[in-house]
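Working through the structure, step by step
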Amino acid sequence: MSSIKSKPDSARPTACDRLWRNARLATLNPALPGLGLVEDGVIAVQDGRILYAGSEAGLPFSTDDAGEVIDCEGRWITPGLIDCHTHLVHAGDRANEFEMRLAGASYEEVARAGGGIVSSVRALREASEDALVQQSLPRLDALMAEGVTTIEIKSGYGLDLENEAKALRAARRLGEERDVAVRTTFLGAHALPPEFKDDKAGYIAKVAHEMLPAIAAEGLADAVDGFCEGIAFSTDEMRRVFEAAKAHGLPVKLHADQLSNLHGAALAAEYGALSADHLEYTDEAGAQAMAKSGTVAVILPGAFYFIRETKKPPVDLFRKAGVAMAIATDSNPGTSPLTSLLLTMNMAATLFGMTVTECITGVTREAARALGLVDEVGTLEPGKWADFAIWNIERPAELVYRMGFNPLHARVRNGH
């Protein structure tokens, strides 16, 4: 900011710690239409939480009563961005497989050459926790540089208790190394590890009855996820994992209906899942079930683009059913090596026809809902954490319109 004024008389009581004024707000307040726009806006913060967010005319005290006043010079402020689906903690990359596929190699040929998720499992198992943290920090930094203040990070490349726990501990440490809120998700039911290649039932039993209870006991996960797909696990197998999650008081999420319709969306809804993600093949029954349960549809255009899918998620169906839609990077080494939530919004608009309002809502309020955090972050409303992003833009549409351009002016977390 070019203009910051502090109260000269430190003994005089203040109405708030810090106040941002001369701003235009996209509050995402659901009580207001669209993006909840407010001209001539101010945000007052006390003890890291929002005390007031609205027009300066409605501010219940004088701006002179703030401990510190920041002049935003007409810039736009949105809630801090939230990336609600990532696999950010991994070792190495799979650029060689990308090159092989470009040269015409099939998925099976790549797998026979030691590629696919097996290569990511091997790399993560060989890496130390410290190495995972150091390799993941640049990816996190790229997201934070675009205004991300909250991120979800899944495990799923360890596929045994020792290495799944290692990945989750590394994810937790990222939130200690950087000023960002990290939510961790246990994704043990991601794929079959090599040692269980002929025993899917045995592996699911291990996930549900050995790995998940230990992860829960150590407090390493905020939620439990799984991959429900023909190349992964069936709905019956996922039920066993979800029942174990329920027994340990952990909410669930699900990679669902990405490559086929196994009715994963309906399964997620049945268990009151926070979200169902991907959803390219979800049908009307699945959408209706999600709407009824309040399960958020997390749209992942990066994976759709990177693996050159042609079946788009049924955005119109979700709109008609009243399903909340979030957008996320799905950042991972194999199918979405993406670390830009701004580009993800552009992809969602360009590839799937989502509106500017849906895209911005999808990386703020609805992304918070997909993590079970909508009461804490995702909108500029009193009582919520003062997490927001200040932008050098003339209109909110620019956040969705531009590609490869970052207009972030400042990132604020917990009022700092």
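Procedures and definitions
- Residues numbered from 1 in each chain as written.
- Predicted model: local features only at pLDDT ≥ 70, side-chain atom pairs only at ≥ 80, totals over all residues.
- Heavy atoms only, no water.
- Helix = DSSP H or I, 4+ residues; strand = E, 2+ residues; numbered from the N terminus.
- Rg over C-alpha atoms; globule rule 2.2 N^0.38 Å.
- Buried < 20%, exposed > 50% of the residue type's maximum accessible area, 1.4 Å probe, protein only.
- Areas by Shrake-Rupley, 256 points an atom, 1.4 Å probe, with all protein chains shown as cover.
- Lys, Arg positive; Asp, Glu negative; His and termini not counted.
- Charge placed at Lys NZ, Arg CZ, Asp CG, Glu CD.
- UniProt positions renumbered as here; feature names shortened; annotations may be inferred.
- Contact = heavy atoms within 4.5 Å.
- Phe/Tyr/Trp six-rings, centres within 6.5 Å; stacked < 30°, edge-to-face > 60°.
- Pairing = 2+ DSSP bridges.
- Right-handed = clockwise from strand over helix to strand, strands pointing away.
- Salt bridge = Lys/Arg side-chain N within 4 Å of Asp/Glu carboxyl O.
- Polar contact = N/O pair within 3.5 Å; in protein donor to acceptor, adjacent residues only side chain to side chain.
- Axes fitted to C-alpha atoms, helices over the stretch in contact; angles between N-to-C directions.
- Expected span 1.5 Å × (residues − 1).
- Arc of directions from axis to C-beta.

**Looking at the overall build of the chain**
Each helix and strand counted, the chain has 15 helices and 16 strands in total. Its C-alpha radius of gyration of 22 Å places the chain within 12% of the 22 Å reference for a compact globule of 416 residues. Taken along its principal axes, the extent of the C-alpha atoms in the chain is 70 × 45 × 45 Å. Relative to its full complement of 416 residues, the chain shows a buried share of 56%. Taken as a whole, the chain presents about 16300 Å² of accessible surface, with 50% of it coming from carbon and sulfur. Charge-centre separation for the chain: the mean point of 41 positive side chains lies 1 Å from the mean point of 57 negative side chains.

**Regarding the UniProt feature "binding site: Fe(3+)" (unreviewed entry) in the chain**
As annotated by UniProt and renumbered to match this structure, "binding site: Fe(3+)" (unreviewed entry) occupies His85, His87, His255 and Asp330. Across 246 residues of sequence, these annotated residues stay compact in space, with a maximum C-alpha separation of 12.3 Å. By the element assignment, His85 lies in the loop between β7 (81-83) and α1 (95-102). Excluding residues that lie within four positions of it along the chain, His85 makes contacts with Glu152, Lys154, His255, Asp277, Val298, Leu300, Ala328, Thr329, Asp330 and Ser331. The residues contacting His87, other than those within four sequence positions of it, are Lys154, Ser155, Tyr157, Leu187, His190, His255, Asp330, Ser331 and Asn332.

**A word on the packing of aromatic side chains**
Inspection of every chain in the model, using the stated rule, returns 6 aromatic pairs. Judged by centre distance (5.2 Å) and plane angle (20 degrees), the rings of Phe98 and Phe306 are stacked. Placement of the pair is Phe98 in helix α1 and Phe306 in helix α10 (residues 301-306), with a sequence separation of 208 residues. Look at Phe98 and you get partly exposed, because its relative accessible area is 36%.

**A closer look at the pairing of strand β10 (residues 223-228)**
Of all 6 residues in β10, 6 are buried, a share of seventy percent or more. Side chains Ala223, Asp225 and Phe227 project from β10 onto one buried face, and the interleaved Val224, Gly226 and Cys228 project onto a second face that is buried too. The pairing of strand β9 (residues 181-189) with β10 spans 3 bridges and is parallel. Within β10, the residue paired with Phe186 across the bridge is Val224. Crossover β9 to β10 through helix α6 (residues 200-217) is right-handed. Two strands pair when backbone bridges link them, and β10 and strand β11 (residues 253-256) are joined in this way by 2 bridges, in the parallel orientation. Looking across to β11, one finds that Cys228 is bridged to Ala256. Handedness of the β-α-β unit built from β10, helix α7 (residues 235-247) and β11 comes out right-handed.

**What to know about the side chain of Lys253**
Residue placement: Lys253 occurs in strand β11. The buried charged residue Lys253 lacks any salt bridge partner; its closest oppositely charged side chain belongs to Glu152, at an N-O distance of 4.7 Å. Reaching out from Lys253, the side chain makes a polar contact with the side chain of Ser275 at a distance of 3.0 Å. A distance of 2.9 Å separates a polar atom in the side chain of Lys253 from the backbone oxygen of Ala370.

**A closer look at the pairing of strand β4 (residues 49-55)**
When strand β3 (residues 37-46) meets β4, the two strands line up antiparallel, connected through 6 bridges. For Val42, the partnering residue across the bridge sits in β4 and is Gly54. Linking two consecutive strands that pair antiparallel, namely β3 and β4, is a turn of 2 residues; a positive phi of about 55 degrees is found at Asp47 within it.

**Observations regarding the sheet that holds strand β13 (residues 296-299)**
In spatial order, the strands read β7-β8-β9-β10-β11-β12-β13-β14; together these 8 strands make up an open sheet with parallel pairing. Each having just a single partner strand, β7 and β14 (325-327) make up the two edges of the open sheet. Between one strand axis and the next, the sheet turns by 25 degrees as a mean value, whatever way the strands run. On the sheet, α6 packs against β9 and β10 and is oriented at approximately 150 degrees with respect to β9.

**Description of α7**
Its 13 residues give α7 an end-to-end C-alpha distance of 18 Å, which sits within 8% of 18 Å, the value for a rise of 1.5 Å per residue. Here α7 has its buried residues at Glu237, Met238, Val241, Phe242, Ala244 and Ala245. Along the axis of α7, the buried residues cluster in a sector spanning 160 degrees; they form a single face. Across from the buried face of α7, at angles greater than 90 degrees, the exposed residues are Lys246 and Ala247. For α7, the secondary structure elements touched by its buried residues are β9, α6, β10, β11 and α8 (264-270).

**Re helix α12 (residues 341-352)**
For α12, with 12 residues, the first-to-last C-alpha span of 16 Å sits near the 16 Å given by 1.5 Å per residue. Along α12, the positions that sit buried rather than exposed are Leu341, Leu342, Thr344, Met345, Asn346, Met347, Ala348 and Phe352. The N-capping residue of α12, defined by a side-chain oxygen 3.0 Å from the backbone nitrogen of Leu343, is Ser340. A positive phi of about 75 degrees marks Gly353, the residue just after α12.

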